[in-house]
Amino acid sequence: MLILKIVIYIAIFASSSYVGILFSRKYINRVNELKDFKNAFNIFKTKLRYTYAPLDEIFMDISKSIKGIVGEAFLDICNSMKIQDATESFNSAIDTTNLNLTVEDKETIKNLSKLLGKTDIEGQLSQIDLCISFLNVQIEKAEREKEKNEKLYKTLGIITGLGIIIVLM
């Protein structure tokens, strides 16, 4: 009977610690996704400036260069551009992709879509630069939140597990 109790206590402790780690991963993923979007926009700016490729080709190249959920978002943009314009495709992909971003982050990223395919290259390049500068601010905010909340949720998971075990004893 004692061995069964110990196994149950270990399972409770491990599961609550795991839940705490899962919650803390959200903050880590948010920072990584914002950095991936920044890299994607830098690739977008370079390809737009030097290759004069159509937007759907550029988005396909970005989806191949950027791995993970951000690459999938650009693939969704590319695929939906066959039936929608660039602005609608961009906004719907950002809204429907399962990103760990806040509403403010998504709005910052969606600001880029306002001029996609509607102005000359210089106008689009200046919009990309503006979006990158806003992303830098969001990355700084996300890193501060990550520093604050990552350790908090991990510790909270461990303490919750220990609290449940103490109550059950």
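Let us look at the structure shown here. Just so we're clear, the structure is a prediction, and the values are computed from it rather than from any experiment.

Describing the packing of helix H1 (residues 2-50) against helix H6 (residues 121-168)
Here is step 1: Taken N-terminus to C-terminus, the directions of H1 and H6 make an angle of 175°; their axes are 8 Å apart at the nearest point. Taken together, H1 and H6 sit at an angle that is classed as roughly antiparallel.

Here we look at the pattern of salt bridges
Here is step 1: In total, this model carries nine salt bridges according to the counting rule given.
Here is step 2: Across the salt bridge formed by Asp105 and Arg30, the nearest N and O atoms sit 2.6 Å from each other. With Asp105 in helix H5 (residues 103-110) and Arg30 in helix H1, the pair connects residues that are 75 residues apart, well separated along the chain.
Here is step 3: The buried category is assigned to Asp105, whose relative accessible area is 0%.
Here is step 4: Residue classification places Arg30 among the buried positions, given a relative accessible area of 4%.
Here is step 5: For Lys110, the salt bridge identified is with Asp95, shortest N-O distance 2.7 Å. Within this pair, whereas Lys110 is found in helix H5, its partner Asp95 is found in helix H4 (residues 86-96), the two being separated by 15 residues in sequence.
Here is step 6: Each member of the salt-bridge network shares a partner with another, and the members are Arg30, Asp105 and Glu145.

Structural notes on the side chain of Thr87
Here is step 1: Mapped onto the secondary structure, Thr87 falls in helix H4.
Here is step 2: A relative accessible area of 14% means that Thr87 is categorised as buried.
Here is step 3: In contact with Thr87, other than residues within four places in its own chain, are Ser113, Lys114, Leu116 and Lys118.

Definitions and limits used
- Residues numbered from 1 in each chain as written.
- Predicted model: local features only at pLDDT ≥ 70, side-chain atom pairs only at ≥ 80, totals over all residues.
- Heavy atoms only, no water.
- Axes fitted to C-alpha atoms, helices over the stretch in contact; angles between N-to-C directions.
- Helix = DSSP H or I, 4+ residues; strand = E, 2+ residues; numbered from the N terminus.
- Parallel < 35°, antiparallel > 145°, perpendicular 65-115°, else oblique.
- Salt bridge = Lys/Arg side-chain N within 4 Å of Asp/Glu carboxyl O.
- Buried < 20%, exposed > 50% of the residue type's maximum accessible area, 1.4 Å probe, protein only.
- Contact = heavy atoms within 4.5 Å.

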